[in-house]
Each structure stands twice: as C-alpha cells, then as structure tokens.
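Remarks on the overall topology
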Amino acid sequence: MSTQHSLKIGWLYPQLMSTYGDRGNVIALQQRAQWRGIAIEVVPYDQSTPPDVLDQVDIIAGGGAQDRQQEIVMRDLAGAKTEAIRRKLDAGAPGVFTCGSPQLLGKYYEPGQGERIDGMGIIDLVSKHPGIDAPRCIGNVVFEVTAKRLAQELTEMLGGQKPIIVGFENHGGRTFLGEQAEALGTVIKGFGNNAEDKTEGAFYHNAIATYSHGPLIPKNPFIADWMIKTAIKNKYGEDIQLSKLDDSLADRARATMLDRLGVKD
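Residues numbered from 1 in each chain as written. Predicted model: local features only at pLDDT ≥ 70, side-chain atom pairs only at ≥ 80, totals over all residues. Heavy atoms only, no water.

Details of the side chain of Ser-212
Looking at the secondary structure, you find Ser-212 in the loop between strand E14 (207–210) and helix H6 (216–219). Setting aside anything within four residues of it in sequence, one finds Ser-212 in contact with Thr-98, Val-141, Phe-143, Ile-165, Val-166, Gly-167, Phe-168 and Glu-200. (Helix = DSSP H or I, 4+ residues; strand = E, 2+ residues; numbered from the N terminus. Contact = heavy atoms within 4.5 Å.)

Following this line, the structure appears as structure tokens:
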C-alpha cells in the first residue's frame, strides 16, 4: 500500500475530446492507483480552466475528437496553455495522448476541409488529412513499443517480455514524424501513423502519443502501471515497486485478440 503518495491527473477537454471512449484511460489509471492505496484526483482541464492549473497535476491524459471539436481545442490551447503543457511534459510528467490528441502536440494539422490549424509544436510531427473522399484508417492495431528507454523499462516490468500493444484505430489524418521525433513503436498489424512507414505514435520525455485507443490502457494495463510508477518517481523521487494486480481477464482478452490477428505475443 502507498497511502503516503497522492497523484493528480489532468484530463484535457473531457467534453470535447472523449469521442472514442478514451475516458477509459483515465478511469483505468485512477482505479489501478486506488487499488494500491495511492490517492488520486482527476482534474478536468477545458476552456474555462486557467493555464497554471496544469502546474498542479502529475499525469496528463487526452483523447480523441472530430475535426470541429479538435479545432476548438487547438485554438484554445494557443499561448499560455501550450506553455503550461510543454512545461509539465518537459519536467518529466507522464502523459497518455490517444487518437486525435497526439495531433495537438505536433506542429500543425491539415483537416480534410478548411485551413491548416497550428498545433502546440511540442513534438516534431505534422498531421494531414488526405481529403474527405480518402478512406479512414480503421481496425485493430498491434505494435511493438520500440522507443528505446520506454521499451527497456516496460520489458523490465514485464519480466523480459517484449512490450506489445493491442488497440483499435480510427483516424482520417495521417501523421508524419520529423527528425527530432521518436516513434513510440513499430506496426505489426494495422495502419499506424500514416499507413506508409510502419511507425506508430511518438514518445516525448515520458509522454505516450498514439492512434491506438479502444481505449488503450484497459487493453494494456502495464501502460498504466508504468505511468503511475513514473509519476511517483517524478514527483517524490522514489523508485517504488507497485504491488501486483490480478490482470488475468485483460491478459486473456489480449491473448484472444492476438491469436485472432495471427500475432505471437
């Protein structure tokens, strides 16, 4: 039990960016912390929230949205809110940005219709929608985490197993990483960032950005444990060992999906 530890999750735009059930990531983070006696609070962050509220949080979570909602969010994030998020991520706070929210972290997003929207420019990536008649990237996705430090830490947590992520993707935009960006993983099944180069997502300090949702963490609970462990180390300077939870149901679900997709874990 870790009753001496407490964490806050900054949940970005819960009303505008929870289109694909990505609130499940917040719920899973909260529950897995509480099961271990870690006090945890969810702090919604939206248009009415002062930028400096993010200085108080230990984890940041963002989900997906349609183009219209995403445009509203990206315009609201300009300026002080961008700097607050950058400051928090640069200080090592773990983050999980799924579906549309990784596009917010990049330089810009070009929608299928309308003008280019500037992003926060925190990660060296751009996202472009190929047009309203282009097919969406939809379906189950499986990828191996290859971001060097994250892959090493997850492999250690998993007792030597490769960190394989199972998820679902549904995006029209295609994301392309610049030279300064590190891919989160390499696609085994599915489309990934752009259906071209086999990259999936991006990893920045301790922030995970990925098109994989469904949501991500309930399907891959070890991601939550890494984030909780990392947040405590970042906040308290303590490298704690989390007590083991019964993940047998999630493990069986993962095994079933991997078998269905013909992927060996």
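Right, picking up where we left off after that structure.
Quick look at empty space enclosed by the protein
Applying the stated criterion across every chain, the model contains 3 cavities of 30 Å³ or more. The volume enclosed by the largest cavity comes to roughly 60 Å³. Lining of the largest cavity is provided by Pro-102, Gln-103, Leu-125, Ser-127, Thr-175, Asn-193, Gly-201, Ala-202, Ala-209, Thr-210 and Tyr-211. Elements with a contribution of two residues or more to the lining of the largest cavity: helix H4 (101–105), strand E7 (125–128) and E14. Tallied by class, residues from the lining of the largest cavity come to 5 nonpolar, 6 polar and no charged. (1 Å grid on protein atoms, 1.4 Å probe; cavity = no way out; pocket = protein on both sides within 12 Å on 5 of 7 lines; lining within 4 Å. Points joined across faces, edges and corners; volume = space filled by probe spheres on them. Nonpolar A, V, L, I, M, F, W, Y, C, P; charged D, E, K, R; others polar.)

Quick word on the packing of helix H5 (residues 148–157) against helix H7 (residues 221–236)
H7 packs onto H5 with a crossing angle of 110° between their chain directions and a minimal axis gap of 11 Å. The angle between the axes of H5 and H7 places the two elements in the roughly perpendicular class. For the pair H5 and H7, contact is made by Leu-150, Glu-153, Leu-154 and Met-157 and by Phe-222, Ile-223, Asp-225 and Trp-226, respectively. When its residues are assigned to classes, the contact of H5 with H7 shows 6 nonpolar, no polar and 2 charged. (Axes fitted to C-alpha atoms, helices over the stretch in contact; angles between N-to-C directions. Parallel < 35°, antiparallel > 145°, perpendicular 65-115°, else oblique.)

Brief notes about the layout of surface pockets
In this structure, the largest pocket encloses a volume near 840 Å³. Together, 32 residues line the largest pocket, and Glu-156, Met-157, Leu-158, Phe-222 and Asp-225 are the ones closest to its centre. Among the elements of the structure, H5, H7 and helix H8 (248–260) are those that each provide at least two residues to the lining of the largest pocket. By residue number, the principal contributor to the lining of the largest pocket is H7, which donates 7 residues. The residue makeup of the lining of the largest pocket, split by class, is 10 nonpolar, 6 polar and 16 charged. Within this model, the second largest pocket holds a volume of roughly 230 Å³. Tallied by class, residues from the lining of the second largest pocket come to 6 nonpolar, 11 polar and 2 charged.

Concerning the sheet that holds strand E8 (residues 137–145)
Taking strand neighbours across the sheet as the criterion, the 4 strands line up as E9-E8-E11-E12 in an open arrangement whose pairing is antiparallel. Here the strands that pair on one side only, and so sit at the sheet edges, are strand E9 (164–171) and strand E12 (199–200). Of the pairings in the sheet, the one linking E8 to E9 comprises 8 bridges and is antiparallel in character. The partner of Cys-137 across the bridge, within E9, is His-171. Most of the contacts of H8 go to E9, to which it runs at about 70°, and overall it touches E8 and E9. (Pairing = 2+ DSSP bridges.)

Remarks on the packing of aromatic side chains
For the structure shown, the criterion picks out 2 aromatic pairs. For Lys-81, the ring lying beneath its charged end belongs to Tyr-45, and the centroid distance is 5.4 Å. Between the NZ or CZ atom of Arg-116 and the centre of the ring of Tyr-108, over which it lies, the distance is 3.6 Å. (Phe/Tyr/Trp six-rings, centres within 6.5 Å; stacked < 30°, edge-to-face > 60°. Lys NZ or Arg CZ within 6 Å of the ring centre and 35° of its normal.)

So, the packing of helix H1 (residues 23–34) against H7
At a minimum axis distance of 10 Å, the contact between H1 and H7 shows a crossing angle of 65°. Comparing their axes, H7 and H1 come out roughly perpendicular. The two elements H1 and H7 meet at a crossing, and its hand is right-handed. Here Leu-29, Arg-32 and Ala-33 of H1 lie close against H7, whose contacting residues are Pro-221, Ala-224, Asp-225, Met-227 and Ile-228. In terms of residue class, the contact of H1 with H7 is built from 6 nonpolar, no polar and 2 charged. (Left-handed = near helix turned anticlockwise from the far one by under 90°.)

Here's the deal with the pairing of E8
Across 4 bridges, the pairing between E8 and strand E11 (residues 185–189) is antiparallel. Residue pairing in the sheet places Glu-144 in a bridge with Thr-186 of E11.

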